[in-house]
Amino acid sequence: MKLLTKLLLNALAVFVIAHFLTGVHVDGYITALIVAVVLSVLNLFVKPILIIFTLPITIVTLGLFLLVINALIIVLADKLIDGFSVSSIWIAILFSILLSVLQSILHSLLKEDKK
């Protein structure tokens, strides 16, 4: 149940960011849900492989190259999903940053107080 709730919150974050950020287009909420699922799968399987291959440049840039890896994951999702488009790599980097911040805020609302 928690996984489904997080997935729906991620889809909401994708939809909201696409609504406010020019250069990112999502056809509808169902497409945003598909984007959330595809991004989750790509982050689970493809991102660790990219991080391992680009480890030297990530270390030299003190981790800033991870923003480029996140943007590449988003561009890959753009190529895989009809109805989702990102206009450039710079928009993908900005989308990645905004998505991370909004996901962090939304997921913090789900956490229960442990006393």
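Anything mentioned here points back to the structure above.
Note that this is a predicted model, so its numbers are computed, not measured.

Peer 1: Give a description of the overall build of the chain that names residues and reports values.
Peer 2: Assigned secondary structure in the chain consists of five helices and two strands. Traced from its N-terminal end to its C-terminal end, the chain shows the element sequence α-β-α-α-α-β-α. Computed over its C-alpha atoms, the radius of gyration of the chain comes to 15 Å, within 12% of the 13 Å expected for a compact globule of 115 residues. In terms of principal-axis extent, the alpha carbons of the chain reach across some 40 × 40 × 25 Å. Looking at the chain residue by residue over its 115 residues, the buried ones come to 35%. Taking all contacts inside the chain whose residues are at least 6 apart in sequence as the whole, residues at least 24 apart take part in 62%. Split by element, the accessible area of the chain, about 7,500 Å² in all, is 73% carbon and sulfur.

Peer 1: Now, about the packing of aromatic side chains: what can you tell me, with residues and values included?
Peer 2: The final tally for this structure, using the stated rule, is two aromatic pairs. Centre to centre, the rings of F15 and Y29 are 6.1 Å apart; their planes meet at 75°, and the pair counts as edge-to-face. Residue F15 is found in helix α1 (residues 2-20), and its partner Y29 is found in helix α2 (residues 29-53); the two are separated by 14 residues along the sequence. A relative accessible area of 33% means that F15 is categorised as partly exposed. When its relative accessible area of 34% is taken as the criterion, Y29 is described as partly exposed. Taking 6.1 Å as the distance between ring centres and 55° as the angle between the ring planes, the aromatic pair formed by F84 and F95 counts as tilted. With F84 in strand β2 (residues 84-86) and F95 in helix α5 (residues 89-110), the pair connects residues that are 11 residues apart, well separated along the chain. In this structure, F84 and F95 share a single accessibility class: buried.

Procedures and definitions
Residues numbered from 1 in each chain as written. Predicted model: local features only at pLDDT ≥ 70, side-chain atom pairs only at ≥ 80, totals over all residues. Heavy atoms only, no water. Helix = DSSP H or I, 4+ residues; strand = E, 2+ residues; numbered from the N terminus. Rg over C-alpha atoms; globule rule 2.2 N^0.38 Å. Buried < 20%, exposed > 50% of the residue type's maximum accessible area, 1.4 Å probe, protein only. Contact = heavy atoms within 4.5 Å. Areas by Shrake-Rupley, 256 points an atom, 1.4 Å probe, with all protein chains shown as cover. Phe/Tyr/Trp six-rings, centres within 6.5 Å; stacked < 30°, edge-to-face > 60°.

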